[in-house]
Amino acid sequence: MLVGFGGHRGTVAAADLWGETLRRKTIPEAPDGSHEDLLHRAVGKPALLVFPAGRRGPWLSSKRGHRAIGAVYSPGYERFGTWVPTVMGDRYDAFLYFEETRALTPLHPEQPQREGEQQTYPWSA
């Protein structure tokens with residue numbers, strides 16, 4: 001089962017670039033018309049949505065923006081690189097939605113290793 005995650009607004013722990021130190025960053029509200037915006041307006045609270053077999057219907061079969069945040073996130077590029085066109089019913093079996101997220105705090109934060117570390121993703125093998 002493939003479960004997607006999304007939220008309307010909040011904070012996240014992410015680096016500016018691969019290999020850099022994690023920082024707490026603010027996530028702005030989802031823009032109008034995105035999957036996260038529709039869930040905010042329709043549900044308005046945390047929810048687990050399990051999609052039925054066939055996964056058709058107006059929302060599950062429509063292509064809309066879906067926020068993609070990972071280990072690297074730059075709020076300055078929110079409108080240009082964070083949103084990916086997604087058909088929820090084709091991509092996920094279920095979706096966990098949060099109205100507001102909070103950045104995790106690592107139990108044992110590690111500093112990036114600058115010397116001797118091999119870069120293997122996404123630029124070289």
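This structure is a prediction, so every number in the text was calculated from the model and none was measured.

About the thresholds
Residues numbered from 1 in each chain as written. Predicted model: local features only at pLDDT ≥ 70, side-chain atom pairs only at ≥ 80, totals over all residues. Heavy atoms only, no water. Helix = DSSP H or I, 4+ residues; strand = E, 2+ residues; numbered from the N terminus. Buried < 20%, exposed > 50% of the residue type's maximum accessible area, 1.4 Å probe, protein only. Contact = heavy atoms within 4.5 Å. Areas by Shrake-Rupley, 256 points an atom, 1.4 Å probe, with all protein chains shown as cover. Polar contact = N/O pair within 3.5 Å; in protein donor to acceptor, adjacent residues only side chain to side chain. Phe/Tyr/Trp six-rings, centres within 6.5 Å; stacked < 30°, edge-to-face > 60°. Pairing = 2+ DSSP bridges. Patch = residues over 30% accessible without salt bridge, like charges linked within 9 Å, V, L, I, M, F, W, Y side chains within 5 Å. Salt bridge = Lys/Arg side-chain N within 4 Å of Asp/Glu carboxyl O.

Draft legend 1. Just the overall build of the protein, in detail. When helices and strands are counted, the protein shows three helices and six strands. Counting from the amino terminus, helix and strand elements in the protein follow one another as β-β-α-β-β-α-β-α-β. Across the 125 residues in the protein, those meeting the buried criterion constitute 30%. Long-range pairs, those at least 24 residues apart, make up 71% of the contacts in the protein between residues at least 6 apart in sequence. When the accessible area of the protein is evaluated, it comes to approximately 8600 Å², of which 55% is carbon and sulfur surface.

Draft legend 2. Inspection of the side chain of Glu99 at higher detail. Turning to its location among the elements, Glu99 is positioned in strand E6 (residues 94–101). Reaching out from Glu99, the side chain makes a polar contact with the side chain of His40 at a distance of 2.5 Å. A distance of 2.5 Å separates a polar atom in the side chain of Glu99 from a polar atom in the side chain of Tyr97. Filtering out sequence-adjacent residues up to four positions away, Glu99 remains in contact with His8, Arg9, His40, Gly44 and Lys45.

Draft legend 3. Quick peek at unusual backbone geometry. Positioned with a positive phi, Arg55 is a non-glycine residue whose angle comes to about 40°. Among the secondary structure elements, Arg55 is positioned in the loop between strand E3 (47–50) and strand E4 (63–67).

Draft legend 4. Examining the packing of aromatic side chains more closely. Counted by the stated rule, this structure contains two aromatic pairs. Their ring planes at 75° and their centres at 5.8 Å tell us that Phe51 and Trp59 sit as a pair that is edge-to-face. Relative accessible area serves as the criterion here: at 21%, Trp59 is assigned to the partly exposed category. Judged by centre distance (5.8 Å) and plane angle (50°), the rings of Tyr92 and Phe95 are tilted. The residues Tyr92 and Phe95 share a single accessibility class, namely buried.

Draft legend 5. Just the pairing of E6, in detail. Two strands pair when backbone bridges link them, and strand E1 (residues 3–14) and E6 are joined in this way by seven bridges, in the parallel orientation. Each residue of the ladder has a partner; that of Val3, found in E6, is Ala94. The sheet contact formed by E3 and E6 spans four bridges and is antiparallel. Opposite Leu49, over in E6, you have Phe95 as the bridge partner.

Draft legend 6. Representation of a nonpolar patch on the surface within the structure. A contiguous nonpolar surface patch, about 620 Å² in accessible area, is contributed by Met1, Val3, Phe5, Leu48, Val50 and Phe98. Looking at the nonpolar patch, the elements with two or more residues in it are E1 and E3. Looking at Val3, the relative accessible area reads 33%, which means it is partly exposed.

Draft legend 7. Quick look at the environment of Trp18. Mapped onto the fold, Trp18 is located in the loop between E1 and strand E2 (23–27). Separated by 53 residues in the primary sequence, Trp18 and Ala71 place their C-alpha atoms 7.6 Å from one another.

Draft legend 8. Summary view of the pairing of E1. Examined bridge by bridge, E1 and E2 share five bridges and lie antiparallel to one another. When the bridges of E2 are listed, Ala14 appears paired with Arg23.

None of the figures reported here should be taken as evidence of function without further support.
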